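Reading the structure
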Amino acid sequence: MNAEAVLLNVDKQGVATVTLNRPDLHNALDDEAISLLAAMLETLAEDNTVRAVVLTGSGISFSAGYDPDWLRRLSHFSANELNRFAQQNARLLHTLDTLPKPTLARVQGSAFGLGMALVSCCDIAIGVSEALFSLSDVRFGQIPALAMPYMIRSIGERATRRYSITAERFNAGKAKRLGLLHQVVENDELNAAVQHMQGQLLLNGPSAMRAAKHLVGEIGHLDITPQVIQRCIEHSLTVRMSDEGREGIQALIDMRKPAWLE
């Protein structure tokens, strides 16, 4: 495998498009591709010129999950080697989930296993009506353990329980009803829908979006208590008093565009 397994393009507006590029394998990933994708995302996280990240695939599938040849090699690994591989996968999902930029899954085809987990880790997901989804691990005597925290958050505990033990395939309409996809479009509408969403993101304060995403992650699983309310107040004040927060309010008062749009 070479670096072409994952492609990166950053446009003049600062939108980075990361493309899984193994179309002959339906963008199934092996250890090298997983490591490359994680490293690329970590680099984008530190790049202040990048405003948003789009994750997509080449060919007819978003990602079929794990490369079958890699799984065959994996079957001969020791417990220590398997643990290292699991840590590598966990690193990828955590990096994508906590990326300090808005992330958008452009789901141009089906997503199974790891591919479905990648979609669930993105902030926004737009998919084509033909896409199918599945947590197929149990078909091979395995469980989607690393995907489960993200799947439970995306589609709920009850649905995750069902699909992780049945390995059923479900369509894009069901994925939207469950909450895995936010929008379902036809193939010829996908680019326009993604471009529109990118435009929405680029209107917003970069630091404010980062702070909002962080706060959701911090309190999303908590009950509404006085302590949680206080944390929300603290976050609100921090953002309001920041340079970007002050600029945004002043731009509103002056009826002009804020600095990040100039």
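Structure first, text after, so check above.
Below, the structure is looked at part by part. Residues take numbers from 1 onward in each chain, read along the sequence in its written order. In keeping with the model being predicted, local features are shown solely for residues with a pLDDT of at least 70 and side-chain atom pairs are shown and tallied solely at 80 or more, while totals for entire chains, interfaces and linings include all residues. Hydrogen atoms and water are omitted, and side-chain values are computed over all heavy atoms in the structure.

Notes on the pattern of salt bridges
By salt bridge we mean one thing: a side-chain nitrogen of Lys or Arg within 4 Å of a carboxyl oxygen of Asp or Glu. Applying the stated criterion to the full structure yields 12 salt bridges. Here Asp67 makes a salt bridge to Arg22, at a shortest N to O gap of 3.3 Å. Here Asp67 is found in the loop between β4 (61-63) and α2 (68-74), whereas its partner Arg22 is found in the loop between β2 (15-20) and α1 (31-46), with 45 residues between them in sequence. For Lys213, the salt bridge is made with Asp123, and the minimal N-O distance between the two is 3.0 Å. Of the two residues, Lys213 is situated in helix α9 (residues 206-219) and Asp123 in the loop between α4 (114-121) and β7 (124-128); the sequence distance between them amounts to 90 residues. According to the relative accessible area criterion, Asp123 is partly exposed, its value standing at 29%. One salt-bridge network, in which partners are shared between bridges, spans Arg22, Asp30 and Asp67. Under the DSSP-based scheme used, a helix requires at least four consecutive residues in state H or I and a strand at least two consecutive residues in state E, with every element numbered from the N terminus. Residue burial is assigned from relative accessible area. The probe radius is 1.4 Å, only protein chains are included, and a residue is buried under 20% of its type maximum, exposed over 50%, and partly exposed in between.

Things to note about the layout of surface pockets
Approximately 880 Å³ is the volume attributed to the largest pocket. The way it works is a 1 Å grid over only the protein atoms, where trapped points that fit a 1.4 Å probe form a cavity and open points with protein on both sides within 12 Å along at least five of seven lines form a pocket, and then any residue with an atom within 4 Å of a point lines it. As for the largest pocket, its lining consists of 31 residues, and the residues nearest its centre are Tyr66, Leu71, Asp137, Phe140 and Gln142. Looking at the lining of the largest pocket, the elements with two or more residues in it are α2, α3 (79-97) and α4. With 5 residues, the top contributor of residues to the lining of the largest pocket is α3. Grid points are joined across faces, edges and corners, and a volume is the space filled by probe spheres set on the points.

Notes on a nonpolar patch on the surface
Patch membership requires over 30% relative accessible area and the absence of a salt bridge. Like charges are linked within 9 Å, and nonpolar side chains (Val, Leu, Ile, Met, Phe, Trp, Tyr) within 5 Å. In short, Shrake-Rupley with a 1.4 Å probe defines the accessible areas, and a residue's cover is counted only from the protein chains shown. On the surface, Ile224, Ile229, Ile233 and Leu237 cluster together into a nonpolar patch covering about 420 Å² of accessible area. Counting through the fold element by element, Leu237 comes out in helix α10 (residues 226-241).

What to know about the pairing of strand β3 (residues 52-57)
Across the 6 residues of β3, 6 count as buried, placing the element largely inside the fold. Neither face of β3 is open: one carries Ala52, Val54 and Thr56, the other Val53, Leu55 and Gly57, and all of them are buried. Pairing of β2 with β3 involves 6 bridges; the strand directions are parallel. Opposite Ala16, over in β3, you have Val53 as the bridge partner. The handedness of a crossover follows from its direction of travel: if, with the strands pointing away from the viewer, the path from the first strand over the helix to the second runs clockwise, the crossover is right-handed. In this view, the connection linking β2 to its parallel neighbour β3 by way of α1 has right-handed handedness. Here, any two strands with at least 2 DSSP bridges between them count as paired. Taken together, the 3 bridges between β3 and strand β5 (residues 103-107) define a ladder with parallel strand orientation. Paired with Leu55 across the two strands is Ala105, which belongs to β5.

Remarks on the sheet that holds strand β6 (residues 110-112)
Strands belonging to one sheet form pairs held by backbone hydrogen bonds; the direction of such a pair is parallel or antiparallel. Taking strand neighbours across the sheet as the criterion, the 4 strands line up as β4-β6-β8-β9 in an open arrangement whose pairing is mixed. Two strands lie at the open edges of the sheet, namely β4 and β9 (170-171), each paired on one side alone. Direction of pairing for strand β8 (residues 132-134) relative to β9: antiparallel, over a ladder of 2 bridges. Residue pairing for β9: Leu132 is matched across the bridge by Asn171. Contacts: residue pairs with any heavy atoms within 4.5 Å of one another. Comment: axis = line fitted to C-alpha atoms, over the contacting stretch for helices; angle = value between 0 and 180 degrees taken between N-to-C directions. This element, α4, spans β4, β6, β8 and β9 of the sheet and lies at about 105 degrees to β6.

A few points about α9
Any helix carries an expected span of 1.5 Å times its number of residues minus one. Taking 1.5 Å per residue as the helical rise, α9 with its 14 residues ought to reach 20 Å, and the 20 Å between its terminal C-alpha atoms agrees with that figure. Of all the residues in α9, the buried ones are Met209, Leu215 and Ile219. Seen from one end, α9 has its buried residues packed into an arc of 125 degrees, which puts them on one side. Elements that come into contact with the buried residues of α9 comprise α8 (190-202) and α10. The directions from the helix axis to the C-beta atoms form the arc being described.

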